[in-house]
Every structure is written in structure tokens, then in C-alpha cells.
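Structural overview
So the chains spell out like this:
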Amino acid sequence: MFLLGATLSSQVNPNWQTYIMIAVYFIILLVIGFYGYKQATSNLSEYMLGGRSIGPWVTALSAGASDMSGWMIMGLPGEVYSTGLSALWITIGLTLGAYINYLIVAPRLRVHTEIAGDAITLPDFFNNRLNDQSNIIKIISGTIIVVFFTLYTHTGFVAGGKLFDSAFGLDYHFGLVLVAVIVILYTFFGGYLAVSITDFFQGVIMLMAMIMVPIVALLKLNGLDTFDTIVELKPTNLDLFRGTTVIGIISFFAWGLGYFGQPHILVRFMSIRSVSLFTLTRRIGISWMAVGLFGAVMIGLLGIAFVPAQGVELQDPETLFILMGQILFHPLIGGFLLAAILAAIMSTISSQLLVTSSSLTEDFYKLIRGKEANAKAHEKEFVLVGRLSVVIVAIVAIAIAWSPNDTILNLVGNAWAGFGASFGPLVILSLYWKGLTRDGAVAGMVAGALTVILWIVFAHPLGETYQFFTLYEIVPGFLASLLVTFFVSKLTKKPGDFVERDLNEVKRQIREAKQ
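Cut-off values and rules
- Residues numbered from 1 in each chain as written.
- Predicted model: local features only at pLDDT ≥ 70, side-chain atom pairs only at ≥ 80, totals over all residues.
- Heavy atoms only, no water.
- Helix = DSSP H or I, 4+ residues; strand = E, 2+ residues; numbered from the N terminus.
- Buried < 20%, exposed > 50% of the residue type's maximum accessible area, 1.4 Å probe, protein only.
- Contact = heavy atoms within 4.5 Å.
- Areas by Shrake-Rupley, 256 points an atom, 1.4 Å probe, with all protein chains shown as cover.
- Phe/Tyr/Trp six-rings, centres within 6.5 Å; stacked < 30°, edge-to-face > 60°.
- Bend = angle between axes of the 7 residues up to and from the residue.
- Patch = residues over 30% accessible without salt bridge, like charges linked within 9 Å, V, L, I, M, F, W, Y side chains within 5 Å.
- Salt bridge = Lys/Arg side-chain N within 4 Å of Asp/Glu carboxyl O.
- Core = buried A, V, L, I, M, F, W, Y, C linked by side-chain atoms within 4.5 Å.

**Side note on the overall build of the chain**
Regarding its fold elements, the chain presents 19 helices and 0 strands. Taken across its 515 residues, the chain has 58% of its residues classed as buried. Restricting the contact set of the chain to residue pairs at least 6 apart, pairs at least 24 apart contribute 85%. When the accessible area of the chain is evaluated, it comes to approximately 19,900 Å², of which 65% is carbon and sulfur surface.

**A look at the packing of aromatic side chains**
Under the criterion given, the structure shown has 22 aromatic pairs. With a centroid separation of 5.8 Å and an interplanar angle of 55 degrees, the aromatic rings of Trp 89 and Phe 253 are classed as tilted. Residue Trp 89 is found in helix α4 (residues 88-115), and its partner Phe 253 is found in helix α9 (residues 246-254); the two are separated by 164 residues along the sequence. Taking relative accessible area as the criterion, Trp 89 reaches 11% and is therefore assigned buried. Where Tyr 102 meets Phe 269, the ring centres are 5.2 Å apart and the plane angle is 55 degrees; that geometry is what we call tilted.

**Let's talk about helix α3 (residues 56-83)**
For α3, the principal kink sits at Met 68 and spans about 75 degrees. In terms of burial, α3 is a largely internal element, 22 of the 28 residues being buried. With its phi angle positive at about 95 degrees, Gly 84 sits one or two positions after the end of α3.

**Brief notes about a nonpolar patch on the surface**
On the surface, a cluster of nonpolar side chains totalling about 680 Å² of accessible area is made up of Leu 30, Phe 34, Tyr 37, Val 177, Val 181, Leu 185, Phe 189 and Trp 402. Among the elements of the structure, α1 (16-39) and α7 (172-220) are those that each provide at least two residues to the nonpolar patch. Per element, the largest residue contribution to the nonpolar patch is 4 residues, and it comes from α7. Of note, Tyr 37 is situated in helix α1.

**Points about the pattern of salt bridges**
Applying the stated criterion across every chain yields a total of 9 salt bridges. With its nearest N and O atoms 3.0 Å apart, the salt bridge here joins Arg 52 to Asp 118. One end of the pair, Arg 52, is in the loop between α2 (44-49) and α3; the other, Asp 118, is in the loop between α4 and α5 (122-129), and 66 residues separate them in sequence. You can call Arg 52 buried: its relative accessible area is 7%. Here Glu 512 ties to Arg 508 by a salt bridge, and the two come within 2.4 Å at their closest N and O atoms. With Glu 512 and Arg 508 both in helix α19 (residues 497-514) and 4 residues apart, this pair spans about one turn of that helix. Residues joined by salt bridges that share partners form a network here, namely Asp 132, Arg 438 and Asp 439.

**Re the nonpolar core**
One finds Met 68, Phe 157, Phe 321 and Met 346 to be the most contacted residues of the largest nonpolar core, which totals 156 residues. For this core, the element with the most residues is α7, which contributes 19 residues. Look past the residues within four positions of Phe 321 in its chain and what remains in contact with it is Ile 73, Met 74, Ala 209, Met 210, Val 213, Ile 299, Leu 337 and Ile 341.

**Some details on the environment of Gly 424**
Among the structural elements, Gly 424 can be located in helix α16 (residues 415-432). The exposure class assigned to Gly 424 is buried, which follows from its relative accessible area of 0%. Look past the residues within four positions of Gly 424 in its chain and what remains in contact with it is Phe 260, Gly 261, Phe 419 and Phe 478.

Shown next as C-alpha cells:
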């Protein structure tokens, strides 16, 4: 979800054992990429969706790893360290949002995307679901994905470059290129299967790190008595309501709304082998998320006592995880923990690269190619275009990341709200409401995106005077998109009877899966 954008303090002194661990990690990623190349890249559906054959464990952990990114390992512990337990509200909102997403979106999206012309991208699904002969839905939604994800992806490259610069003392551009090359290679050759398996592997690493660091820190300090020390340092550290307001709590909870419209997360639901596996997948995914977020919160809280106890200076709160990992563990384990940060960064980059590539191929190249192209006769061509799209998007992202621009980074930080507001209401309505129309869908997407942008540009500056305008922009954006989609659909031509038949078939298959 979030990506590491802050410069890391140079408190890490890696030795050869740390470098070996990072090298082993990179080799494993490349081996997985080769495996994906051999197993599931013979046609576009395999390359972009793994042939809809992914199991529950890989689906759950790959969704979590591509979602949380560096925020869970770096951002959340730093926020808790700075503000105390009140930062917990956002984790509650995210966990609820992810759970509801698994419950109401995942099963229907898996079935309906297959019924709707075996759609392998969200724009393709919207287009087929609404029988849009003009392809305007596909073009608009595809453009939103390509533009925002290209910018979003570049922040991951920036994070990788800065990690190697600050943690290893290596040149920023060397780190940027190294991370980019590894991600490009396993995504280029292995496609969705490789990305999903590497995300699963990275998710395991992230979870182990979130368990290991707080447990060892607690043992290093005074056990459970450490929390008394935390309160003594500042009584509000364990106050869940410290510095919060009603608007603030609503904003934190609203982060969960973003899940309904994130293409790189929703594509995981489209690729699972069977809709009957979602109950197990949900339990695995939410358990992974809950344990990981709890561990991140514990790292932040324990860091409040750990830093002064060690007599060190923490220049940047977001480097707390790195600092604790390097002090508490052997260099080999320290290398493993740095690999966890790289895992968090790279899992999101690869997912975003593949989603952008699939949109360029399925939603634009095929459109230009025309209906006269026989899909089966041109599968190798489409896979090649998909691979080339990965490289093109990566090169553009690297070019933007070469000279990091804080303004761009700040704007990209709002992409979660942009995707959530643009696609979230449309995804839900397309799965549940037969009255949805093409004009309503287009108007809703545009309204959601514009509201988010206008709220950021014009409303947020007023927040210093009027607290209401500090509200997270996804709230007005989501509501605007939902209302505009509904009312414009009511005023425009109704879809054909095939929509009701499709929705009934979706419900039938889900009922059978539950039995």
C-alpha cells in the first residue's frame, strides 16, 4: 500500500554475512521467475493470471505482501514510535476493509470475471459486464491504471535505491538499477505465477520479521514490565485516543474503503483456482495481516523504550525496524531482516508492473489490433507484448525515479484514495446491481477521481481553519463516485437482459461453492 520514501539514517553497518543473505534472497527470486516461465506463460491468461490456477495460501499471502509493502515494516512502527498507540486506528480500519473485501467482493469477482468473457483485467471486466461496444470504459479505466501505477511503481524504485544508499552505503542509482533489474527479470519471464509465488515467499519473510523483532526486543528489555517504562517516559504513549478526533478516526477507518478498488489486490481474487477456496483464503489472509500489523505496532511501542535504553539516536522514526534488527541480531539474521524490507518493496513493484502491463496489452494493444485478430493464433504475440510492456513501464518508472521529486512522491501517496474512489464503488455495483449502466460507470469513475484531486488541492489547505477539511480524501471521493454512478445509471439506458442472467449465474455458482 505505502512505500518507503524517507531517507534512511546510516546506522546500519552490514558485513559480508549480510551481503550473502541479500544475494541468496535475489537468487531465490530469479529461480522462482524461471519456474514461472516454465510453468505458466504459454498464453496471455497464464502470463497475466496464472491460468486462474492459484491456490489459497499463495493467493492470501501474495495479496497481503503486495498490499502492505514497506508501510507495515517501516511506516507503521515509525508512526507508533512517534505518536503512541493512537496510530492503531488505521490498522483497525485496514483490517476491517480487507476482511469485508474478501467477504463481499472476492467470490463474486472471481466468478463474474470468468463469465464476462474471461476478463483478465478490471477494465476488460467493466467493458464486458456493461457490453460497451464503444470501449470508452476500457479506455478510461485503463488510462487511470497505466498513469497512476507507473507513478506508483517509481516510488518503489526510489525506496530500493535509498535503502541501498543509506543501509549499505552504496550509490543510490546502483541500488535503484539493481532492484529494478531483479524485479524486471522475474516479472518479465515468470509473469503472474512468478510474481504470486515471490509475493508468497516475501510475505513469509515479512511475517517472520514482524514476529521475531518484537519478541527478541521484549526479552532484551524488561519483559512485560517494559510497558511500565513506556508509560513512565510519556503517559499518553498507551492512550488509544491521544491526539485523535472524530474526523481523524473516521479518516483512519476510511483507509479500508480503498481495498474495493485496488487493481493489484483484486487481480489476486480473479486468479484463484476455485471460488470455494475463498473461506480458507480469507482466514489465511486476515490472520497474516492481523499478526503482521500487531507485530509492527509492538515494534513501534517497544522502540520507545529500546532506543534510550541502547543510548543511540534515531534520526528518522521510519528506520526503527532497521536499527532494532541490527542491534538485536547476528549479522546473518540482520541480512534476513533487510531482505524483509526489500521483500516489502519488491512485492508491490512487481504486482504493479504486471497489472500495468496487463492493462496495456489487454485494454489497449488488443483494442488497436482489432477484432480480426484470432486470439488463439496470436497468443505468443500477446504474451510478448505483455513482457515488453513490463520493460517499458519499468524504464519510465526508473527515469522518473532517477531524480526523485518530492512533489510527485506526495501525489503518488494519494493513489490509494484515487483508486479506491475511482474503482471501488464501480466494482461493488457491477457485482451486485443490475441497474448499472455504461454512462453511470464512466461518470462515477471520473467523479471519484476528480473529487479526490480537488479535495487534496483545495479542501486540505482549509483544514488548518476548519477541521472537517482534514477528512481523508477517499471519503468524499468514494461517496461522490457512488452517488454519481447510481443517479446517472438511473437516468440512462438500462443494460440488456444478459446482465441479470449473468448476476443470477454468479449467485448460483457461489451457492454451490458453499454447499
